[in-house]
2 protein chains.
Amino acid sequence: MQKQKNVAIVGSGLVGSLLAIFLRKQGHKVTVFDRRPDVRTVQFSGRSINLAMSNRGWKALREAGVEDEIRKLALPLDKRAMHVEGKSVYFQKYGEEGEAIYSISRGVLNRKMIDLAEEAGATFRFEEKIWDVDMPNAKLYTGESEKSPWTEYQFDLIFGADGAFSRTRHKMQRQSRFNYSQHFIDVGYKELTIPANADGSHKLDNSSFHIWPRGNFMLIAMPNLDGSFTCTLFMPFEGQVSFETIKTEEQIDQFFETYFPDIKDEISNLKKDFLKNPTSAMVTIKCFPWSYYDKITLVGDSAHAIVPFYGQGMNAGFEDISVLNQKMNKYGDNWQMIFEEYQNERKPNTDAIAELSYQNFIEMSSKTADPLFLLRKKIEKKFAQSHPELWAPLYSRVTFSDNAYAEALETGNFQKSIMDRVMKVPDIEEKWDSEEIENMIIDLIKK
Amino acid sequence: MQKQKNVAIVGSGLVGSLLAIFLRKQGHKVTVFDRRPDVRTVQFSGRSINLAMSNRGWKALREAGVEDEIRKLALPLDKRAMHVEGKSVYFQKYGEEGEAIYSISRGVLNRKMIDLAEEAGATFRFEEKIWDVDMPNAKLYTGESEKSPWTEYQFDLIFGADGAFSRTRHKMQRQSRFNYSQHFIDVGYKELTIPANADGSHKLDNSSFHIWPRGNFMLIAMPNLDGSFTCTLFMPFEGQVSFETIKTEEQIDQFFETYFPDIKDEISNLKKDFLKNPTSAMVTIKCFPWSYYDKITLVGDSAHAIVPFYGQGMNAGFEDISVLNQKMNKYGDNWQMIFEEYQNERKPNTDAIAELSYQNFIEMSSKTADPLFLLRKKIEKKFAQSHPELWAPLYSRVTFSDNAYAEALETGNFQKSIMDRVMKVPDIEEKWDSEEIENMIIDLIKK
């Protein structure tokens with residue numbers, strides 16, 4: 001058991017709430033600040049992508065003792081349902097029998113996590129805005145506005161769980177020798193909804209992650225418990241087919257009629273929601289160091305925001321907390337060691353999942369129409385199926401294991417280097433499923 | 001001639017002052033703000049590396065009509081003087097006959113540039129701190145502190161020339177889709193001084209850039225007009241030989257005795273200055289976009305801070321202003337076009353000089369002790385000398401021409417790819433100066 005500390009968490013999102021539960025279990029006094037209103041009292045934003053809880057997320061929830069509560073909110077998806085133009089829907093299994101990712105609405109999960117943190121004894125202060133952080137003294141300053149009078153709070157420890165645009169990190173960034181980058185991609189997203197049938201059932205298969213790939217844009221849909229689907233349209237901000245060129249009701253209508261005729265009529269309030277819901281940007285954020293002595297550390301998106309194309313943002317954030325908790329158990333009251341080992345262990349792994357997520361974006365947005373890329377995927381898949389002991393699919397390593405992300409990336413790069421050589425074989429289009437190619441891959445792996 | 005605008009420049013450094021001169025020549029009303037005191041009234045900081053003006057810098061000064069004034073402050077350096085341990089000093093010419101870089105003290109140049117901008121009719125407001133920028137309305141807010149009452153200024157255009165830690169960019173960074181990175185290197189620097197002889201003459205050759213390379217640290221010295229040299233010690237912050245391990249007078253004494261015995265006694269107040277002068281960090285900053293509609297743009301370090309190992313920081317900033325002026329002449333009052341074409345033209349070039357400067361740092365800090373690296377340089381040099389039409393040295397392209405930095409980088413990468421192959425030739429150590437290697441390089445270039 002650690003010596004009791006007076007702890008502030010900035011941000012009542014998923015990662016902040018989970019951390020509050022762990023810190024309460026260690027016996028600390030926990031206050032969670034959030035500049036926004038309590039999500040339990042307001043309509044959720046209309047700008048969220050459904051979450052895909054996988055192995056790492058569940059592991060952290062299990063350690064926090066709240067896994068069973070959260071399982072009730074989640075729907076298992078064991079496959080992709082591919083809605084390709086001019087083809088019937090077909091399915092791609094994610095992994096082995098029993099392996100699945102779990103669809104959860106961000107709003108539903110966040111409300112529940114705050115309930116659970118409150119039950120564990122954490123205090124939440126909503127609509128209280130942090131304007132400054134005194135890092136050496138672990139003080140927070142809150143107030144109505146930047147120029148209004150401020151209230152000062154003294155803590156022992158401060159955790160920045162305030163997301164991609166973290167105020168806590170913003171303060172750390174003004175230090176010398178603080179490395180930082182924010183890189184936006186040229187694709188935005190918009191939330192849409194497919195409501196339940198009148199009897200409450202789902203309009204599409206509810207154990208699938210639905211994808212309508214359309215070259216450099218795509219629609220996805222993930223089921224909710226109430227029978228609805230949360231849909232997300234990913235599309236470039238600018239260009240020929242882009243958010244910029246689809247502005248009027250007529251243009252919206254025509255766009256969906258052209259590209260998504262099979263699902264268009266199922267999306268409720270299509271035109272209204274399209275115009276009302278914001279077009280959101282996606283960013284990769286990296287920084288280092290995450291910690292300031294034994295006073296402050298960053299967790300989740302504030303330390304490492306990633307693009308959502310691997311479904312690992314929340315899982316990576318939850319894994320942060322799991323690792324932090326390990327370090328607390330290992331180092332007791334030596335918070336400087338806890339923070340240092342936590343950041344040093346997590347940094348290469350969160351860089352790796354950032355890279356993997358970005359690679360997935362590039363693949364999805366520019367390569368899915370390339371026949372050579374599709375051939376490469378076909379060769380990999382065939383080989384993995386006949387030699388599972390030699391070729392673990394990257395997706396499974398990331399999603400259904402808790403092996404370090406950095407190892408998954410390394411293996412992925414090794415597999416990529418092999419496939420680069422395979423694809424250079426003359427006439428690969430003809431002999432891709434030959435014994436020659438199979439043996440070539442085996443030789444390259446064993447070298 | 002453009003329609004007169006009411007223009008603010010944030011920052012009275014070298015680039016801000018030069019921009020003020022150009023804008024006055026176009027007939028604009030110009031106010032320059034600086035949070036620091038007037039450099040003409042105070043001792044300069046003790047944290048500056050001498051400047052090396054080269055082709056691009058002179059070109060911009062010539063266009064501003066102030067080249068001759070500045071020439072008077074500069075000393076031409078046509079060669080490096082290498083002070084290698086256990087060897088006599090030897091010299092390396094920078095370029096062709098008549099090619100030189102020009103050593104100028106930052107303080108001396110900055111004072112003169114402010115004088116010239118004032119003479120041109122710009123107004124300077126020193127010790128006035130900008131706290132906020134209203135970007136859509138081109139308003140600036142200044143005040144004693146962030147929380148004190150603020151003064152509001154209305155302008156037509158605002159230029160952020162406020163350096164690597166720009167407040168103007170800081171505001172732009174809060175926009176969605178603003179890409180930004182700051183990356184610090186693990187090496188710091190400290191300013192030291194070699195004073196003039198009693199008769200005012202220089203203690204070392206005053207037409208050389210002096211370097212004492214020592215593996216992962218080094219000392220440099222550049223002459224000033226008054227007979228002194230400004231020295232800079234570059235050294236890792238942490239590690240076996242590092243700023244961290246040299247803290248006491250005794251340690252300083254021993255360090256210089258061990259590594260710089262030939263120059264130790266010439267450095268004035270060595271121990272006092274070493275302890276008093278700050279150890280400064282070096283950062284590469286990249287961002288995009290630089291401009292906000294027809295209201296705001298960034299120039300110089302605020303848009304693209306680089307590490308100093310190519311001597312191009314100021315030159316790149318001055319080239320920004322030269323390009324901005326071209327665009328003003330081309331587009332007249334269409335400020336949105338001016339800003340857009342300026343940033344689109346400059347961005348790949350400033351990224352390229354950032355990359356080249358960083359590569360030079362890596363070479364200087366980790367490769368100068370590698371015999372294969374030195375052999376590579378020897379082969380390149382020999383080939384360049386016998387085939388000047390086929391192999392222009394990268395340094396000359398960057399320093400003595402105004403070809404785009406991006407082209408210089410591209411050529412450099414091409415030359416590197418050739419040398420990578422040359423270095424793989426078996427027994428290259430024996431046959432490096434053979435006709436076989438010479439012909440191999442020619443073939444690779446012509447392919």
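Just so you know, these numbers come straight off a predicted model, no measurement behind them.

Rules used in this analysis
Residues numbered from 1 in each chain as written. Chains lettered and ligands numbered in written order. Predicted model: local features only at pLDDT ≥ 70, side-chain atom pairs only at ≥ 80, totals over all residues. Heavy atoms only, no water. Helix = DSSP H or I, 4+ residues; strand = E, 2+ residues; numbered from the N terminus. Contact = heavy atoms within 4.5 Å. Buried < 20%, exposed > 50% of the residue type's maximum accessible area, 1.4 Å probe, protein only. Polar contact = N/O pair within 3.5 Å; in protein donor to acceptor, adjacent residues only side chain to side chain. Domains from an automatic or database assignment. Buried area = accessible area lost by both parts, 1.4 Å probe. Salt bridge = Lys/Arg side-chain N within 4 Å of Asp/Glu carboxyl O. Nonpolar A, V, L, I, M, F, W, Y, C, P; charged D, E, K, R; others polar. Pairing = 2+ DSSP bridges. Core = buried A, V, L, I, M, F, W, Y, C linked by side-chain atoms within 4.5 Å. Phe/Tyr/Trp six-rings, centres within 6.5 Å; stacked < 30°, edge-to-face > 60°. Lys NZ or Arg CZ within 6 Å of the ring centre and 35° of its normal. Least-squares fit on C-alpha atoms with pLDDT ≥ 70 in both. 1 Å grid on protein atoms, 1.4 Å probe; cavity = no way out; pocket = protein on both sides within 12 Å on 5 of 7 lines; lining within 4 Å. Points joined across faces, edges and corners; volume = space filled by probe spheres on them.

Asks: How do you make sense of the side chain of A:Thr232 when you look at a structure like this?
Replies: Looking at where A:Thr232 falls in the secondary structure, it is placed in strand β16 (residues 229-236). The residues touching A:Thr232, leaving out its near neighbours within four places in the chain, are A:Ile49, A:Tyr189, A:Lys190, A:Met218, A:Leu219 and A:Ile220.

Asks: Help me out: how do you make sense of the side chain of B:Thr230 in this one?
Replies: All names here are of chain B. For Thr 230, the location among the structural elements is in strand β16 (residues 229-236). For Thr 230, a relative accessible area of 9% corresponds to the buried category. Only 3.0 Å separates the side chain of Thr 230 from the side chain of Asn 50, close enough to count as a polar contact. Polar contacts involving the side chain of Thr 230 include one to the side chain of Asn 224, which spans 2.9 Å. Residues contacting Thr 230, with those up to four places away along its chain left out, are Ser 48, Asn 50, Glu 191, Leu 192, Ile 220, Ala 221, Met 222 and Asn 224.

Asks: What am I meant to see in the domain arrangement of chain A here?
Replies: Interfaces are often sized by the amount of accessible area the parts lose when they come together. All names here are of chain A. Domain parsing of chain A yields domain 1 (6-73 + 106-180 + 284-360), domain 2 (183-281) and domain 3 (370-446). Computed over C-alpha atoms only, the centres of domain 1 and domain 3 are separated by 36 Å. On the domain 3 side, the residues contacting the 17 residues of domain 1 number 14 residues. For the pair domain 1 and domain 3, the two sides together bury roughly 1300 Å², of which 59% comes from carbon and sulfur. The three residues of domain 1 that bury the most area against domain 3 are Arg 56, Tyr 310 and Leu 356, which together make up 43% of that side's buried surface. Joining domain 1 to domain 3, the criterion identifies 1 salt bridge. At the junction of domain 1 and domain 3, the tally comes to 9 residue pairs in polar contact (both at pLDDT 80 or more). Sorting the residues of the side of domain 1 that touches domain 3 by element identifies α2 (55-63), α10 (313-331) and α11 (335-367) as the ones contributing at least two each. At 8 residues, the largest contribution of residues to the side of domain 1 that touches domain 3 is made by α11. Taken together, the residues of the side of domain 1 that touches domain 3 sort by class into 6 nonpolar, 6 polar and 5 charged.

Asks: Where do I start with the pairing of strand β12 (residues 157-160) of chain A in this structure?
Replies: Side-chain direction in a regular strand flips from residue to residue, so the side chains alternate between the two faces of the sheet. Residues and elements named next belong to chain A. Side chains Leu 157 and Phe 159 project from β12 onto one buried face, and the interleaved Ile 158 and Gly 160 project onto a second face that is buried too. Of the pairings in the sheet, the one linking strand β1 (residues 6-10) to β12 comprises 4 bridges and is parallel in character. In the strand pairing of β12, Val 10 is matched with Gly 160. Examined bridge by bridge, β12 and strand β19 (residues 296-298) share 3 bridges and lie parallel to one another. Considered in β19, the bridge of Phe 159 is made with Thr 297.

Asks: Explanation requested: the nonpolar core in the structure shown.
Replies: Within soluble globular proteins, side chains that are nonpolar generally end up buried alongside one another. In terms of nonpolar packing, the biggest core is built from 146 residues, with A:Ile70, A:Phe159, B:Ile70 and B:Phe159 touching the most fellow members. Excluding residues within four positions of it along the chain, A:Ile70 makes contact with A:Met53, A:Trp58, A:Leu61, A:Ile104, A:Leu109, A:Lys112, A:Met113 and A:Leu116.

Asks: Help me understand the packing of aromatic side chains, please; the structure alone is not making it clear to me.
Replies: The geometry of an aromatic ring pair comes down to the distance between the two centres and the angle between the two planes. Applying the stated criterion across every chain, the model contains 60 aromatic pairs over all chains. Arranged with centres 5.3 Å apart and planes meeting at 90°, the rings of B:Trp58 and B:Tyr102 form a pair that is edge-to-face. With B:Trp58 in helix α2 (residues 55-63) and B:Tyr102 in strand β7 (residues 101-104), the pair connects residues that are 44 residues apart, well separated along the chain. Between the aromatic rings of B:Tyr94 and B:Tyr395, the centroid separation amounts to 5.3 Å while the plane-to-plane angle is 15°, which identifies the pairing as stacked. Of this pair, B:Tyr94 sits in the loop between β6 (90-93) and β7 while B:Tyr395 is found in helix α13 (residues 394-399), placing the two residues 301 residues apart along the sequence. Residue classification places B:Tyr94 among the buried residues on the basis of a relative accessible area of 8%. When its relative accessible area of 19% is taken as the criterion, B:Tyr395 is described as buried. Three or more aromatic residues joined by ring pairs form one cluster here, namely B:Phe217, B:Phe237, B:Phe243, B:Phe255, B:Phe256, B:Tyr259, B:Phe260 and B:Phe274. Positioned above the aromatic ring of B:Trp58, the side-chain terminus of B:Arg71 is 3.9 Å from the ring centre. Note that B:Arg177 overlies the ring of A:Phe237, its terminal NZ or CZ placed 3.7 Å from the centroid.

Asks: What is the right way to look at the environment of A:Ile362 in this model?
Replies: Position of A:Ile362 among the secondary structure elements: in helix α11. A C-alpha to C-alpha distance of 9.9 Å links A:Ile362 and A:Ile185, two positions 177 residues apart in sequence.

Asks: What's the story with the relation of the copies chain A and chain B in this structure? I'm lost.
Replies: In screw terms, the move from chain A to chain B is a rotation of 180° and a rise of 0.1 Å along the axis, fitting with an RMSD of 0.0 Å. One copy is carried onto the other by what is essentially a two-fold rotation axis. Rotation axis and chain A: the residue whose C-alpha lies nearest the axis is A:Ser181, separated from it by 1.9 Å.

Asks: Can you help me understand empty space enclosed by the protein in this one?
Replies: In this approach, a probe sized like a water molecule rolls over the atoms, and the result shows the empty space that is left. Residues and elements named next belong to chain B. In this structure the tally under the stated criterion is 3 cavities of 30 Å³ or more. Roughly 80 Å³ of internal volume is contained in the largest cavity. Along its surface, the largest cavity is lined by Ile 379, Lys 382, Phe 383, Ser 386, His 387, Trp 432, Asp 433, Ser 434, Ile 437, Glu 438 and Ile 441. When contributions to the lining of the largest cavity are tallied by element, the ones reaching two or more residues are α12 (371-386) and α16 (435-446). Among the elements that make up the lining of the largest cavity, the one with the highest residue count is α12 (4 residues). Residue composition of the lining of the largest cavity, grouped by class: 5 nonpolar, 3 polar and 3 charged.

Asks: Got a minute to help me understand the interface of chain A and chain B in this structure?
Replies: On the chain B side, the residues contacting the 23 residues of chain A number 23 residues. Summing the contributions of chain A and of chain B, the shared interface buries around 2100 Å²; its carbon and sulfur component is 38%. Linking chain A with chain B are 3 salt bridges. B:Glu238 is paired through a salt bridge with A:Arg177; the nearest N and O atoms lie 3.1 Å apart. If you look at where chain A meets chain B, you find 13 residue pairs in polar contact (both at pLDDT 80 or more). Listing elements by their share of the side of chain A that touches chain B, those giving two or more residues are α5 (167-172) and β13 (179-194) of chain A. The leading source of residues in the side of chain A that touches chain B is β13(A), at 7 residues. Split by residue class, the side of chain A that touches chain B holds 8 nonpolar, 8 polar and 7 charged. As defined by bridge partners, β13(A) adjoins strand β13 (residues 179-194) of chain B across 3 bridges and the pair is classed as antiparallel. Across the sheet, A:Gln182 pairs through a bridge with B:Tyr180, a residue of β13(B).

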